[in-house]
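What follows is the residue order along each chain.
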Amino acid sequence: MNTVFDYAAWFASLCFVLAMLLALLRMFLGPAAQDRVLALDTFYLNGMLTLLMLGIRSSSTVYFDMALLIALFGFASTIAFAKFLLRGEVIEP
Amino acid sequence: MNGTELPLWVTIPGTLLLVAAGLLTLIGAMGLVRLPDFFARMHPPTMGTTLGTGCVLIASMLVSSALEQRPVVHELLITLFIVMTAPVTAMLLMRAAVFRAQRKSVEAEPPTGAASVARRAQDESRTHDENRRLAERSAPTDEPS
């Protein structure tokens, strides 16, 4: 029964990596800046999910902290980019 | 899995959750690539953000609880963080996109207002006068050819 779970974990990791590649494609294709920011957000999220899958497959808790940090950095960077698109500067005087 | 056998109550829901999360996230990313408009492209990645992350985190909780023989719930931190931050991110990006679309449309279309309307009417009358003058001047020269 463990082999089925291993296959499912492999499948999920493969799907997340493919989703990262598609987000990268949209980041290069994206006609406007907000498309690229949205693709970067998706890229961050799928990277976090890939790290969680590594944590599940190797059953260690190190990857959990890395996933939390990546979620935090992805949120901060997306907020900064959106603020820049909205206002023209990130930190207003 | 380091040789340790997972119990059946972890394996079956964990497998289903992982497969569902992978499919949902992949479909969301394909929608991000394939949809035609930014305002349509806003929607598909949220499927991976909410359902995909939720499924993976529940599966991770199940597996680590079964491996450590005690309930492990520290994945709820990521769930809480994602649930709090995803709407903020989506709303700010949406506002930025709407703002940029409005600015582009204002720059594209000609200015409206009383002064500009009067100026445009003046321009049209001037061009009309010039056309008539040009027609009168060129009328005799058209005949011989």
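Above this text is the structure in question.
Scope of this entry: the structure provided in the associated data block. Small disclaimer: the values here were computed from a predicted structure and weren't measured. Position numbers for residues start from 1 in each chain and track the written sequence from start to end. Each chain takes a letter, starting from A, and each ligand takes a number, starting from 1, following the order in which they are written. Per-residue local features of the predicted model are confined to residues with pLDDT of at least 70, and side-chain atom pairs are confined, for both listing and counting, to 80 or more; whole-chain, interface and lining totals are unaffected and use all residues.

**Comments concerning the overall build of chain B**
Next up, step 1: Secondary structure counts use DSSP, requiring at least four H or I residues in a row for a helix and at least two E residues in a row for a strand, with both numbered from the N terminus. The number of helices and strands found in chain B is 5 helices and 0 strands.
Next up, step 2: Listing the helices and strands of chain B from first to last along the sequence gives α-α-α-α-α.
Next up, step 3: Exposed residues have 12 or fewer other C-beta atoms within 10 Å of their own C-beta, buried residues have 20 or more, and residues in between are partly exposed; the C-beta atoms are placed from the backbone. Within the span of chain B, comprising 145 residues, buried residues form 25% of the whole.
Next up, step 4: By the convention adopted here, residues are in contact when the distance between their C-beta atoms, placed from the backbone, does not exceed 7 Å. Sequence-distant contacts in chain B: of pairs separated by 6 or more residues, those separated by 24 or more amount to 59%.

**Description of the overall build of chain A**
Next up, step 1: Each helix and strand counted, chain A has 3 helices and 0 strands in total.
Next up, step 2: Mapped from its N terminus to its C terminus, chain A presents α and β elements in the order α-α-α.
Next up, step 3: Viewed in the frame of its principal axes, chain A has a C-alpha envelope of about 55 × 30 × 10 Å.
Next up, step 4: By residue count, 43% of the 93 residues in chain A fall in the buried class.
Next up, step 5: Restricting the contact set of chain A to residue pairs at least 6 apart, pairs at least 24 apart contribute 47%.

**What to know about helix H3 (residues 62-87) of chain A**
Next up, step 1: Helix span is expected to be 1.5 Å times the residue number reduced by one. Compared with the 38 Å implied by 1.5 Å per residue over 26 residues, the 38 Å span of H3(A) between its first and last C-alpha is a close match.
Next up, step 2: Taken residue by residue, H3(A) has A:Tyr63, A:Phe64, A:Ala67, A:Ala71, A:Gly74, A:Phe75, A:Thr78, A:Phe81 and A:Ala82 as its buried positions.
Next up, step 3: Where H3(A) is buried, its residues touch helix H2 (33-58) of chain A together with helix H4 (76-108) of chain B.
Next up, step 4: Note on H3(A): the residue one or two positions beyond its end, A:Gly88, has a positive phi of about 95°.

**Things to note about the environment of A:Val4**
Next up, step 1: With respect to the helices, strands and loops of the structure, A:Val4 is situated in helix H1 (residues 2-29).
Next up, step 2: Among residues more than four places away in sequence, those in contact with A:Val4 are B:Thr11 and B:Thr15.

**Focus on the packing of H3(A) against H4(B)**
Next up, step 1: Where H3(A) contacts H4(B), the two axes come as close as 9 Å, and the packing angle between them is 15°. One way to sum up the angle between H3(A) and H4(B) is to call them roughly parallel. Helix-helix and strand crossings are classified by hand; for H3(A) and H4(B) the assignment is left-handed. Seen from H3(A), the contacting residues are A:Ala67, A:Leu68, A:Ala71, A:Phe75, A:Thr78, A:Ile79, A:Ala82, A:Lys83, A:Leu85 and A:Leu86; seen from H4(B), they are B:Leu77, B:Ile78, B:Phe81, B:Ile82, B:Thr85, B:Thr89, B:Leu92, B:Leu93, B:Arg95, B:Ala96, B:Phe99 and B:Arg100. A fitted line through C-alpha atoms serves as each axis, taken over the contacting stretch for helices, and the angle formed by two N-to-C directions is quoted from 0 to 180°. By the definition adopted for this analysis, an angle is roughly parallel if under 35 degrees, roughly antiparallel if over 145, roughly perpendicular if from 65 to 115, and oblique otherwise. Note on convention: near helix rotated counterclockwise from far helix by under a right angle means a left-handed crossing. Clockwise means right-handed.

**Observations concerning the environment of B:Gly14**
Next up, step 1: Within the fold, B:Gly14 resides in helix H1 (residues 8-34).
Next up, step 2: For the pair B:Gly14 and B:Ala59, spaced 45 residues apart in sequence, the C-alpha separation works out to 4.9 Å.
Next up, step 3: In contact with B:Gly14, other than residues within four places in its own chain, are A:Phe5, B:Ala59, B:Leu62 and B:Val63.

**Here we look at the interface of chain A and chain B**
Next up, step 1: Facing 43 residues of chain A, the contacting portion of chain B comprises 47 residues.
Next up, step 2: Residue contributions to the side of chain A that touches chain B peak at 15 residues, all from H1(A).

**Focus: the environment of B:Gly52**
Next up, step 1: Looking at the secondary structure, you find B:Gly52 in helix H3 (residues 44-68).
Next up, step 2: Given 30 C-beta atoms within a 10 Å radius, B:Gly52 is considered buried.
Next up, step 3: Sequence separation between B:Gly52 and B:Leu18 is 34 residues, and the spatial gap between their C-alpha atoms is 8.5 Å.
Next up, step 4: Contacts of B:Gly52, omitting those with residues within four sequence positions, involve A:Leu49, B:Ala21, B:Leu24, B:Thr25 and B:Met47.

**Here we look at the packing of H2(A) against H3(B)**
Next up, step 1: Closest axis-to-axis distance for the H2(A)/H3(B) pair is 10 Å, and the angle between their directions is 15°. Here H3(B) runs roughly parallel to H2(A), going by the angle between their axes. With respect to the hand of their crossing, H2(A) and H3(B) are arranged in left-handed fashion. Residue-level inspection shows A:Leu38, A:Thr42, A:Leu45, A:Asn46, A:Leu49, A:Leu52, A:Met53, A:Gly55 and A:Ile56 of H2(A) in contact with H3(B), the latter providing B:Pro45, B:Gly48, B:Thr49, B:Gly52, B:Thr53, B:Val56, B:Ala59, B:Ser60 and B:Val63.
Next up, step 2: Gly falls in the polar group here, along with every residue not listed as nonpolar (Ala, Val, Leu, Ile, Met, Phe, Trp, Tyr, Cys, Pro) or charged (Asp, Glu, Lys, Arg). Of the residues assigned to the contact of H2(A) with H3(B), the class counts are 10 nonpolar, 8 polar and no charged.

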